[in-house]
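Spelled out from the first residue to the last, the chains are:
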Amino acid sequence: WEVVVETSDVPGAGTGAGVWLTLYGRRQDTGITSSGPHALGQPGDEGFMQGKTATHQIQVSDIGEVVKARLDQDGRGDFPAWHVRSLSLRDLDTQQSIAWPLNRWLAHDEDDGQTCREMAAVQEEEEEMPVLKYYVAVHTGTGKEAGTSAHAHITVYGDHGDTGARPLRDSL
């Protein structure tokens, strides 16, 4: 696959973080499957700077018909916040193309605080699946050293794939 990511030209849009792409597909024999995360370049890649376009090629196993893509940044580096204008994919074997306008931040301190975005690959005759918001309650025990300063994550699995590792950061 050829992957093209356009970084917006809004102030501070570029990122020095590591960038990852996961494709999800539907196969008749196995159902929903993923390509696993693919690193797009290296942290600090010039293509992810403000107003730039990054083009990469990734090798993906047979995942069937693409049903969604997940674009992540790892939140590392001196300037991890990232505003993405668009993502497009082209299967180099079939020439099938999929494009998504994003115009969203992937950043802990911007927009909704998420560092990843999922985009459904919707065919004209299909209805896009709704985005659901879940509230997760984590109760820490009262025993000695029960707490942690580690970065905790959760992944929710379902019939249409998974959410990927999402950081547990906020308290109500």
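Because the structure is a prediction, the values reported are computed rather than measured. (Residues numbered from 1 in each chain as written. Predicted model: local features only at pLDDT ≥ 70, side-chain atom pairs only at ≥ 80, totals over all residues. Heavy atoms only, no water.)

**Student:** Go over the pattern of salt bridges, please, and point to the residues and values.
**Tutor:** What the rule picks out here adds up to eleven salt bridges. Where Asp-9 meets Arg-85, a salt bridge forms, and the shortest distance between an N and an O atom there is 3.3 Å. You can see Asp-9 sitting in the loop between β1 (2–7) and β2 (19–27) and its partner Arg-85 sitting in strand β7 (residues 82–90), a full 76 residues away along the chain. Measuring nitrogen to oxygen at the nearest pair gives 3.5 Å for the salt bridge that ties Arg-117 to Asp-111. For Asp-111, a relative accessible area of 46% translates into the label partly exposed. Several salt bridges share partner residues, and in doing so they unite Arg-104, Asp-111, Asp-112 and Arg-117 into one network. (Salt bridge = Lys/Arg side-chain N within 4 Å of Asp/Glu carboxyl O. Helix = DSSP H or I, 4+ residues; strand = E, 2+ residues; numbered from the N terminus. Buried < 20%, exposed > 50% of the residue type's maximum accessible area, 1.4 Å probe, protein only.)

**Student:** Go over the layout of surface pockets, please, and point to the residues and values.
**Tutor:** Counted as a void, the second largest pocket has a volume near 260 Å³. What lines the second largest pocket is a set of 15 residues, and nearest its centre among them are Trp-1, Val-60, Ser-61, Asp-91 and Asp-93. Tallied by class, the residues present in the lining of the second largest pocket amount to six nonpolar, five polar and four charged. (1 Å grid on protein atoms, 1.4 Å probe; cavity = no way out; pocket = protein on both sides within 12 Å on 5 of 7 lines; lining within 4 Å. Points joined across faces, edges and corners; volume = space filled by probe spheres on them. Nonpolar A, V, L, I, M, F, W, Y, C, P; charged D, E, K, R; others polar.)

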